[in-house]
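Listed below, chain by chain, are the residues.
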2 protein chains.
Amino acid sequence: MASQEVLQAFVQAATQGSFSAAARKLGRSQSTISAAVASLEIDLNLVLFDRSSRKPSLTPAGHVMLQRAEEILAATSRLEMTASQLSQGVEPKLTVAISDTYQSDRFEAALSAFDQRYPDLELECLIAECDDLVALVQSGRAHVAFAEKQDSYPPDLVSSTVEERTEIALFVAREHPLAALDLVDQDVLQQHRELRLATIVNPYESRAKGRVWSAPSYLMLLEMAQGGFGWAPLPRWLVERFGPGTLQELDVRGWPKPVFVDALWSRLHPPGPAGSWLLGKMLE
Amino acid sequence: MASQEVLQAFVQAATQGSFSAAARKLGRSQSTISAAVASLEIDLNLVLFDRSSRKPSLTPAGHVMLQRAEEILAATSRLEMTASQLSQGVEPKLTVAISDTYQSDRFEAALSAFDQRYPDLELECLIAECDDLVALVQSGRAHVAFAEKQDSYPPDLVSSTVEERTEIALFVAREHPLAALDLVDQDVLQQHRELRLATIVNPYESRAKGRVWSAPSYLMLLEMAQGGFGWAPLPRWLVERFGPGTLQELDVRGWPKPVFVDALWSRLHPPGPAGSWLLGKMLE
DNA sequence: ATGAACTATCGCCTTGATCGATGGTTATTG
DNA sequence: CAATAACCATCGATCAAGGCGATAGTTCAT
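Residues numbered from 1 in each chain as written. Chains lettered and ligands numbered in written order. Predicted model: local features only at pLDDT ≥ 70, side-chain atom pairs only at ≥ 80, totals over all residues. Heavy atoms only, no water.

### Regarding the interface of chain A and chain B
The accessible area lost on association of the parts is a frequent measure of interface size.
Line of reasoning, step 1. At the junction of the two partners, chain A supplies 27 residues and chain B supplies 27 residues.
Line of reasoning, step 2. Carbon and sulfur atoms make up 70% of the area that chain A and chain B hide from each other, which totals about 2600 Å².
Line of reasoning, step 3. Summed over the three residues of chain A that lose the most area to chain B, namely Met1(A), Arg68(A) and Leu79(A), the buried surface amounts to 24% of that side.
Line of reasoning, step 4. The shortest N-O distance in the salt bridge between Glu71(A) and Arg78(B) comes to 3.1 Å.
Line of reasoning, step 5. Where the side of chain A that touches chain B is concerned, the elements lending two or more residues are helix H1 (4-16) and helix H4 (60-87) of chain A.
Line of reasoning, step 6. With 17 residues, H4(A) is the largest single contributor of residues to the side of chain A that touches chain B.
Line of reasoning, step 7. Along the lines of polarity and charge, the residues of the side of chain A that touches chain B split into 16 nonpolar, five polar and six charged. (Contact = heavy atoms within 4.5 Å. Buried area = accessible area lost by both parts, 1.4 Å probe. Salt bridge = Lys/Arg side-chain N within 4 Å of Asp/Glu carboxyl O. Helix = DSSP H or I, 4+ residues; strand = E, 2+ residues; numbered from the N terminus. Nonpolar A, V, L, I, M, F, W, Y, C, P; charged D, E, K, R; others polar.)

### What to know about the protein's contact with DNA strand D
Line of reasoning, step 1. Around DNA strand D sit 21 residues in total, of which Phe19(A), Ser20(A), Ser34(A), Arg51(A) and Thr32(B) are the nearest.
Line of reasoning, step 2. Close to the protein, within 4 Å, the atoms of DNA strand D belong to sugar or phosphate groups at a rate of 70%.
Line of reasoning, step 3. Interatomic distance of 2.7 Å between a side-chain N/O atom of Ser34(A) and a phosphate oxygen of DNA strand D.
Line of reasoning, step 4. Within the side chain of Thr32(B), one N or O atom sits 2.6 Å away from a phosphate oxygen of DNA strand D.
Line of reasoning, step 5. Counting residues per element, the ones that place at least two in the surface near DNA strand D are helix H2 (19-26) and helix H3 (30-44) of chain A together with helix H1 (4-16) and helix H3 (30-44) of chain B.
Line of reasoning, step 6. Of the residues assigned to the surface near DNA strand D, the class counts are three nonpolar, 12 polar and six charged. (Near = heavy atom within 4 Å. Polar contact = N/O pair within 3.5 Å; in protein donor to acceptor, adjacent residues only side chain to side chain.)

### Regarding the nonpolar core
Line of reasoning, step 1. If you look at the biggest cluster of nonpolar residues, it comprises 62 residues, and the most contacted ones within it are Phe10(A), Phe49(A), Met65(A), Phe10(B), Phe49(B) and Met65(B).
Line of reasoning, step 2. Those residues within four positions of Met65(A) in sequence are excluded, and the remaining contacts are Phe10(A), Leu44(A), Leu46(A), Leu48(A), Leu79(B), Thr82(B), Ala83(B) and Leu86(B). (Core = buried A, V, L, I, M, F, W, Y, C linked by side-chain atoms within 4.5 Å. Buried < 20%, exposed > 50% of the residue type's maximum accessible area, 1.4 Å probe, protein only.)

### Observations concerning the relation of the copies chain A and chain B
Line of reasoning, step 1. The transform that puts chain A on chain B rotates by 180 degrees and translates by 0.0 Å along the axis, for an RMSD of 0.2 Å. Both copies are brought into coincidence by an operation consistent with a two-fold rotation axis. Minimal C-alpha separation from the rotation axis in chain A is found for Ile72(A), amounting to 2.8 Å.
Line of reasoning, step 2. Take the interface residues of chain A: 100% of them recur as interface residues in chain B, which is what a same-surface contact looks like. (Least-squares fit on C-alpha atoms with pLDDT ≥ 70 in both.)

### A closer look at the protein's contact with DNA strand C
Line of reasoning, step 1. By nearness alone, 19 residues border DNA strand C, and Ser29(A), Thr32(A), Phe19(B), Ser20(B) and Arg51(B) come closest of all.
Line of reasoning, step 2. Counted by atom, the contact set of DNA strand C within 4 Å of the protein is 65% sugar and phosphate.
Line of reasoning, step 3. Here a phosphate oxygen of DNA strand C and a backbone polar atom of Ser29(A) are 2.6 Å apart.
Line of reasoning, step 4. Within the side chain of Thr32(A), one N or O atom sits 2.6 Å away from a phosphate oxygen of DNA strand C.
Line of reasoning, step 5. Those elements giving two or more residues to the surface near DNA strand C turn out to be H1 and H3 of chain A together with helix H2 (19-26) and H3 of chain B.
Line of reasoning, step 6. The class makeup of the residues in the surface near DNA strand C is three nonpolar, 10 polar and six charged.

Have a look at this one:
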């Protein structure tokens, strides 16, 4: 079986164009490289180098094998990279839960920086809202969450406000009766069905005052609103991104509301280096 | 450095869920697997298995490392696969030159079968016509070619007709004067510019009788025709695929012409197993 | 409690990676 | 044309790592 040492010798010899140069580069003796290449050629039953001239050059078959060998070395270096990160305590998989209220260039930028910094780390993104986010972090299911700011959190959670805000406004379908009105009064609003966010963990918290349909995600609310089933508070970016032209914003006193975003994590299941790094990027 | 044996031991132990089972599967002793996993854990400075219960189970970190290890083993098995093929004389890269006259389900099917049979073999497709195809095969630049059938070939080439034919018809742009005519006479045709195929190797072979623009590929001819620069003989499938609605077929005596396709290869640079296999698929 | 199946560890052997030294080949240079 | 500088192949010796068998300890089900 082709060992790592042999493959490294081969790859270096091929890229350097000289066995001696490869030996110097790898800190081995020249005879080691020579033997390694020879043994590889025997193992594979192939001639990899044309030795007729002074500088050995790859045969056509050698070119192909070089690619395969480099793939192996790349894979092993990925293994070593991951191992070193894991042994330093980096979480094997980072789970981030985010609210649909939050969508920003900052988050995009943080993610692509994260991709640079931890290229091989698996990332899981969950979407949830309000108390569902809190529950995910509390249970340890998610390491970090970005949620619509609340006044207070359970004692085992730590929060820090992100320097950014978005807007939530009221929307209805273009065909909805409310869409025709210029300014909508609270009383008029109450006469139509509300599409409201309901968390999974706490379904009864929001005791309905009127006719209410609820869903645990803004995206579902948006689809309900597009169906004309009622009016809904929705993040403006979400409407612009997924329902341009289908919804009409309502002009109601007190709306749109600015929304601030908190980063959350747990004292009991604190995020590892990768999670902390991502938090740092988001809060800087 | 993590050796292949150690990685195999780890992967098998992880997938089998037992060191002993892995040992049986790999034909090694149980102590070997145990030692291998232990040494890997030391090398990587990680605990890969949770040994608290009877059957060892992967730690979270172990799960991640298993993925990385499997990537390495997959890469080495690819290396061994290609080595074995190359040592059996399979060409390091297969170069096929095809004419634009030829486009068929059979060729598509042969290519996808080829992808199954030789998944790691590099494939190069060249496009050329007539004498250019002959030259590519003669020089060894291409192993196999599929060309518009000719009456005779140089003595060092072997040909075999593919059981299939396509059609070449005359086309002009919809705005071209000829497009208005129902039936076009040869004399009338001569009064307009011809867009003709000219090979690269033999530019002077086709001494122009009238005003002629020429190009070495049907695709260029098609673009010229779309520009309204003249009339051109073009493979019908090419027009339907790349210029639907822009060109008008001409009704001229003797057109459209059926075209037969020959497979070509060289006696001096005979195709290796992969090329022969592809030929077999195409000619069966 | 007992047996079956599993893992860890120890001593010993074999294989293969490595080194240094030596000798042969190829291109450059004066 | 000879001298020189690089380069590669080969040989014998050394050492680490992979492998085996035996043995002892643990876990789970009966």
